[in-house]
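Examining the three-dimensional arrangement
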Amino acid sequence: SVRDDLETGAFGLRVREAVANLGLTRAGAAAVASAILVWTAARIVAGTAMYLFAYGLVLAVIAGVMLARSNRLRLVATREGLFPRTSEGQRLSVTLQLTAKRRASTLVLEEKLPQRLGQTVRVPVARIGSGQVIQHHYTLRCQRRGVYKVGPLTAVSSDPLGLATRRTVV
């Protein structure tokens, strides 16, 4: 029931899942919350301009989600410099090479790293043309023995207003 969902916090969890599935950023979620508040205030005050503002916010968020989803990234990436076995304390020089099959702009590449190897590597890409190749180098240091999974490499693109994002595993 709705009461049980509200008491256990399941409602908040469902809202967060819906926001993540839509790809909304914090700004997008704030715009939706603002639209709800403005619409509620317009209902109380009976302000036509406030209704229009609330509907405009909702339309902006819908347009942002649609633009982010329509931005199909066609990228191919290769990673060099990771070896199956290394010594403790050894430094690895990793090279990411990104080739675009289609023009893309305003995206961020994210290479997920285990916490013991360092923080996630983020590479902003302002623009990449069709057939163009971009390279990025970073180093890792294996401080402890163990098995580490590097990746996945994802490309994160967003709409022009930053209301919604789309993640593509490269």
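So, how was this worked out
- Residues numbered from 1 in each chain as written.
- Predicted model: local features only at pLDDT ≥ 70, side-chain atom pairs only at ≥ 80, totals over all residues.
- Heavy atoms only, no water.
- pLDDT = per-residue confidence, 0-100.
- Helix = DSSP H or I, 4+ residues; strand = E, 2+ residues; numbered from the N terminus.
- Core = buried A, V, L, I, M, F, W, Y, C linked by side-chain atoms within 4.5 Å.
- Buried < 20%, exposed > 50% of the residue type's maximum accessible area, 1.4 Å probe, protein only.
- Contact = heavy atoms within 4.5 Å.
- Pairing = 2+ DSSP bridges.
- Axes fitted to C-alpha atoms, helices over the stretch in contact; angles between N-to-C directions.
- Salt bridge = Lys/Arg side-chain N within 4 Å of Asp/Glu carboxyl O.
- Phe/Tyr/Trp six-rings, centres within 6.5 Å; stacked < 30°, edge-to-face > 60°.

1. Thoughts on the confidence of the model for the chain
Here the chain averages 82 in pLDDT, while 94% of its residues score no lower than 70. Within the chain, helix α3 (residues 26-45) carries the highest mean pLDDT (91), whereas helix α1 (residues 2-8) carries the lowest (59).

2. Some thoughts on the nonpolar core
Counting 22 residues, the largest nonpolar core has Leu 107, Leu 109, Tyr 138 and Leu 140 as its most contacted members. Among the elements of the structure, β2 (91-100), β3 (104-111), β4 (121-128), β5 (133-141) and β6 (153-158) are those that each provide at least two residues to this core. Counting residues per element, this core draws most heavily on β2, at 5 residues. With near-sequence residues (within four places) excluded, Leu 107 lies in contact with Leu 73, Val 123, Pro 124, Val 125, Ala 155, Val 156 and Ser 157. The next biggest cluster of nonpolar side chains, apart from the first, holds 7 residues, and it includes Leu 24, Ala 31, Val 65 and Leu 163.

3. Quick word on the sheet that holds β5
Strand order in the open sheet made by the 3 strands is β1-β2-β5, with antiparallel pairing throughout. The two strands at the open ends of the sheet, each matched to only one other strand, are β1 (75-80) and β5. Pairs of neighbouring strands in the sheet enclose a mean axial angle of 20°, with direction left out of account.

4. Regarding the pattern of salt bridges
All told, the structure shown has 3 salt bridges when counted by the stated rule. The salt bridge involving Glu 110 is made with Arg 122; its shortest N-O contact spans 3.2 Å. In this pair, Glu 110 sits in strand β3 while Arg 122 sits in strand β4, placing the two residues 12 residues apart along the sequence. With a relative accessible area of 14%, Glu 110 lands in the buried category. Looking at Arg 122, the relative accessible area reads 52%, which means it is exposed.

5. Some thoughts on unusual backbone geometry
One non-glycine residue, Ala 46, lies in the positive phi region at around 65°. Inspection of the secondary structure assignment puts Ala 46 in the loop between α3 and α4 (48-70). Relative accessible area serves as the criterion here: at 59%, Ala 46 is assigned to the exposed category.

6. Topic: the pairing of β2
Sheet analysis places β1 next to β2, joined by 6 bridges and oriented antiparallel. The partner of Ala 77 across the bridge, within β2, is Leu 98. When β2 meets β5, the two strands line up antiparallel, connected through 9 bridges. Following the sheet pairing, Ser 93 is matched in β5 by Thr 139.

7. A word on the packing of aromatic side chains
Using the criterion set out here, one finds 2 aromatic pairs in the structure. Their ring planes at 20° and their centres at 6.3 Å tell us that Tyr 51 and Tyr 55 sit as a pair that is stacked. Of the two residues, Tyr 51 and Tyr 55 are both situated in helix α4; the distance of 4 residues between them amounts to about one turn of the helix. Aromatic rings pair up to connect Trp 39, Tyr 51 and Tyr 55 into one cluster.

8. What to know about the side chain of Ser 157
Mapped onto the secondary structure, Ser 157 falls in strand β6. Excluding anything up to four places from it in sequence, Ser 157 contacts Asn 71, Leu 73, Thr 106, Leu 107, Ala 164, Thr 165 and Arg 166.

9. Some remarks on the environment of Gly 56
With respect to the helices and strands, Gly 56 occurs in helix α4. Here the alpha-carbon distance between Gly 56 and Gly 146, two residues 90 residues apart in the chain, equals 53 Å.

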